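Okay, here's what each chain looks like letter by letter:
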Amino acid sequence: MRNLLKFSAVLLFIVAAASSNAQTLKFGHIDLQALVQVMPERATAETQFNAFQTEIEEIFAGMQKELQQKYTELEQLGQDASEIKRNAKITEVQDLQQRLQNYQSSAQQQIQQKYSELLKPVFEKAQKAIEEVAAEKGLLYVFDTGSNVVLYKSNQSMDVLPLAKEKLGIK
């Protein structure tokens with residue numbers, strides 16, 4: 001009986017401690033993309049990215065125009081052209097096609113790399129603001145609701161977006 005009384009007291013203490021700890025856990029949520037979209041640095045990065053992408057597209061268009069010219073020259077050779085001359089033009093066209101394919105592949109990689117390079121500081125700044133707000137509010141975790149990974153969000157979860165915008169000076 002005495003052991004049962006001790007066991008009950010310990011169990012009651014553990015349950016009381018667990019319930020008081022459960023009430024102090026704090027969670028937050030934010031749509032990271034929504035925060036990044038309103039940051040002025042994102043607009044600057046986007047402008048730089050668009051200029052870079054336009055430059056690459058202009059080079060590609062020039063190469064396509066040159067390829068079209070080579071096709072036209074090949075077609076205009078006619079039946080009277082020697083086989084050596086015809087083979088030389090065919091080789092030119094094939095070489096240019098290969099260069100065009102290589103450039104297109106390289107350009108895709110460069111575009112993705114430039115996009116990441118320009119937006120990395122923006123995301124880092126947003127992440128830092130979120131970390132500061134979470135620390136100030138005593139949050140244990142902040143979930144990104146924009147990624148559609150959070151399956152449930154309680155009304156008790158704190159929306160960190162307005163606080164992070166305030167921290168970044170965004171209205």
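Structure shown above.
Residues numbered from 1 in each chain as written. Predicted model: local features only at pLDDT ≥ 70, side-chain atom pairs only at ≥ 80, totals over all residues. Heavy atoms only, no water.

Asks: Could you give an account of the packing of aromatic side chains, with specific residues and numbers?
Replies: Scanning the entire structure with this criterion turns up five aromatic pairs. Between the aromatic rings of Phe27 and Tyr141, the centroid separation amounts to 6.0 Å while the plane-to-plane angle is 15°, which identifies the pairing as stacked. In this pair, Phe27 sits in strand β1 (residues 27–30) while Tyr141 sits in strand β2 (residues 141–144), placing the two residues 114 residues apart along the sequence. The interplanar angle of 20° and the centroid separation of 6.1 Å between the aromatic rings of Tyr141 and Phe143 together place this pair among those described as stacked. For Lys114, the ring lying beneath its charged end belongs to Phe52, and the centroid distance is 5.4 Å. (Phe/Tyr/Trp six-rings, centres within 6.5 Å; stacked < 30°, edge-to-face > 60°. Helix = DSSP H or I, 4+ residues; strand = E, 2+ residues; numbered from the N terminus. Lys NZ or Arg CZ within 6 Å of the ring centre and 35° of its normal.)

Asks: Any chance you could break down the sheet that holds β2 for me, citing the residues and the numbers?
Replies: In space, the three strands of this open sheet follow the order β2-β1-β3, with parallel pairing throughout. Strands with a single pairing partner mark the edges of an open sheet, and in this sheet they are β2 and β3 (158–159). Relative to β2, β1 runs parallel, the two sharing four bridges. Among the inter-strand pairings, His29 is bridged to a residue of β2, identified as Phe143. (Pairing = 2+ DSSP bridges.)

Asks: Describe helix α3 (residues 40–76), naming the residues involved and giving the relevant values.
Replies: Since one α-helical turn is 3.6 residues long, residues separated by three or four positions face the same way. In this model, α3 (37 residues) spans 54 Å end to end at C-alpha, consistent with the 54 Å of a helix rising 1.5 Å per residue. Along its buried surface, α3 packs onto α2 (32–37) and α4 (83–137). Gly78 lies just past α3 and shows a positive phi near 75°. (Expected span 1.5 Å × (residues − 1). Contact = heavy atoms within 4.5 Å.)

Asks: Could you give me a rundown of the environment of Thr54, with the residues and numbers involved?
Replies: With respect to the element layout, Thr54 can be found in helix α3. Residue class for Thr54 comes out partly exposed when judged on its relative accessible area of 37%. Polar contacts involving the side chain of Thr54 include one to the main-chain carbonyl oxygen of Asn50, which spans 2.8 Å. (Buried < 20%, exposed > 50% of the residue type's maximum accessible area, 1.4 Å probe, protein only. Polar contact = N/O pair within 3.5 Å; in protein donor to acceptor, adjacent residues only side chain to side chain.)

Asks: For the pairing of β1, give the residues involved together with the corresponding values.
Replies: Alignment of β1 against β3, held across two bridges, turns out to be parallel. Residue Gly28 lies in a different strand from β3, and its bridge partner there is Met158.

Asks: I'd like a rundown of the nonpolar core, residues and numbers included.
Replies: Counting residues in hydrophobic clusters, the biggest one holds 34 residues, and the most contacted among them are Ile30, Leu35 and Met39. Breaking this core down by element, the ones donating at least two residues are α2, α3, α4 and α5 (161–167). Other than its neighbours up to four places away in sequence, Leu35 contacts Ile30, Ala126, Ile130, Leu161, Ala164, Lys165 and Leu168. (Core = buried A, V, L, I, M, F, W, Y, C linked by side-chain atoms within 4.5 Å.)

Asks: Any chance you could break down the packing of α3 against α4 for me, citing the residues and the numbers?
Replies: At a minimum axis separation of 10 Å, α3 and α4 run at an interaxial angle of 175°. Looking at the two axes, α3 sits roughly antiparallel to α4. For the contact of α3 with α4, a count of residues per class yields 21 nonpolar, six polar and eleven charged. (Axes fitted to C-alpha atoms, helices over the stretch in contact; angles between N-to-C directions. Parallel < 35°, antiparallel > 145°, perpendicular 65-115°, else oblique. Nonpolar A, V, L, I, M, F, W, Y, C, P; charged D, E, K, R; others polar.)

Asks: Break down the environment of Ala107 for me, with residues and values.
Replies: Looking at the element boundaries, Ala107 is found in helix α4. Taking the relative accessible area as the measure of exposure, Ala107 reaches 7% and is therefore buried. Through-space distance from the C-alpha of Ala107 to that of Glu57 is 8.7 Å; in sequence the pair is 50 residues apart.

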